[in-house]
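# Residue-level structural notes
Each chain, written out:
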Amino acid sequence: MKYLSAYSEQTLSQVRQVMEQGRLGEVLAKRYPKAHDIRTDRALYDYVQELRAEHLRNAAPIDKVAYDSKIHVINHALGLHTSVSRVQGGKLKAKHEIRVATMFKEVPLEFLRMIAVHELAHVKEKQHDKAFYKLCTYMEPNYHQYEFDLRLYLTHLDTPGGEKLW
């Protein structure tokens, strides 16, 4: 249960119990019955821009948003926010890009939203500190629950016989 290592022993015990009963996938599928339909890079870009316009109007613009098959959960990355600075004439220009792991093409919208919110928060807050998570919960009040459930799903996929649910 490497994805849940930061949680309390009580929480881990409850997860172990559900896993021993072989019901983890069932519990997640019941809580999140269907996958989203944001399958293309263009649709993902539009979705992230809507979130940005709603919550971070004064933040720097996002120049590119795309699914990326090179991002692997194994590297402890589900998405990436990059900022590339270039000198154009006498000015320094920064371009912000968000890349989301391809596995998020086939998950519930709540999981995709959690990753999008997380990466958008990095536009304003670079570190994973209190201000960062406060911004995440401002943009998505259920952020921590979605992150926990996503970690449960990754744990489900990591178990023998754990197959995709959506």
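Refer to the preceding data block for the structure.
Residues numbered from 1 in each chain as written. Predicted model: local features only at pLDDT ≥ 70, side-chain atom pairs only at ≥ 80, totals over all residues. Heavy atoms only, no water.

## Regarding the overall build of the protein
Broken down by element type, the protein carries six helices and three strands. Beginning at the N terminus, the succession of helices and strands in the protein can be written as α-α-α-β-β-β-α-α-α. Expected size for 166 residues packed as a compact globule is a radius of gyration near 15 Å; at 17 Å, the protein falls within 12% of this value. Expressed as a percentage of its 166 residues, the buried residues of the protein come to 41%. With the model as given, the accessible surface of the protein reaches about 9,800 Å², and the carbon-plus-sulfur share is 49%. Separation between the mean location of the 25 positive side-chain charges and that of the 21 negative ones in the protein comes to 6 Å. (Helix = DSSP H or I, 4+ residues; strand = E, 2+ residues; numbered from the N terminus. Rg over C-alpha atoms; globule rule 2.2 N^0.38 Å. Buried < 20%, exposed > 50% of the residue type's maximum accessible area, 1.4 Å probe, protein only. Areas by Shrake-Rupley, 256 points an atom, 1.4 Å probe, with all protein chains shown as cover. Lys, Arg positive; Asp, Glu negative; His and termini not counted. Charge placed at Lys NZ, Arg CZ, Asp CG, Glu CD.)

## Brief notes about the packing of aromatic side chains
Evaluation of the coordinates by the stated rule reveals eight aromatic pairs. Both rings, one in Tyr 32 and one in Tyr 146, keep their centres 6.4 Å apart while their planes meet at 70°; by these two values the pair is edge-to-face. Remark: Tyr 146 occurs in helix α6 (residues 143-158) and Tyr 32 occurs in the loop between α2 (24-31) and α3 (41-55); sequence separation between them is 114 residues. Accessibility classification places Tyr 32 together with Tyr 146 in one group, the buried group. (Phe/Tyr/Trp six-rings, centres within 6.5 Å; stacked < 30°, edge-to-face > 60°.)

## Focus: the packing of helix α4 (residues 109-124) against α6
For any two helices packed against each other, one specifies the crossing angle of their axes together with the interaxial distance. It is at 9 Å that the axes of α4 and α6 come closest, and there the two elements cross at 115°. Here α4 and α6 pass one another in a crossing that is left-handed. Seen from α4, the contacting residues are Glu 110, Phe 111, Met 114, Ile 115, Val 117 and His 118; seen from α6, they are Tyr 143, Tyr 146, Glu 147, Asp 149, Leu 150 and Tyr 153. Considered class by class, the residues forming the contact of α4 with α6 number eight nonpolar, one polar and three charged. (Axes fitted to C-alpha atoms, helices over the stretch in contact; angles between N-to-C directions. Left-handed = near helix turned anticlockwise from the far one by under 90°. Contact = heavy atoms within 4.5 Å. Nonpolar A, V, L, I, M, F, W, Y, C, P; charged D, E, K, R; others polar.)

## Points about the pairing of strand β1 (residues 62-68)
Remark: a regular strand shows side chains that alternate across the two faces of the sheet. Burial runs high along β1: five of the seven residues are buried. In this sheet, strand β3 (residues 91-101) lies alongside β1 in parallel orientation, the contact comprising six bridges. Bridge assignment links Tyr 67 to a residue of β3, and that residue is Val 100. (Pairing = 2+ DSSP bridges.)

## Describing the nonpolar core
Judged by nonpolar contacts, the single largest core of 44 residues is most densely connected at Leu 44, Val 100, Phe 104, Phe 111, Leu 112, Leu 120 and Leu 150. Within the residue set of this core, elements represented by two or more residues are α1 (9-20), α2, α3, β1, β3, α4, α5 (130-139) and α6. At nine residues, α4 tops the list of elements feeding residues into this core. (Core = buried A, V, L, I, M, F, W, Y, C linked by side-chain atoms within 4.5 Å.)

So yeah, pure geometry; function would need other evidence.
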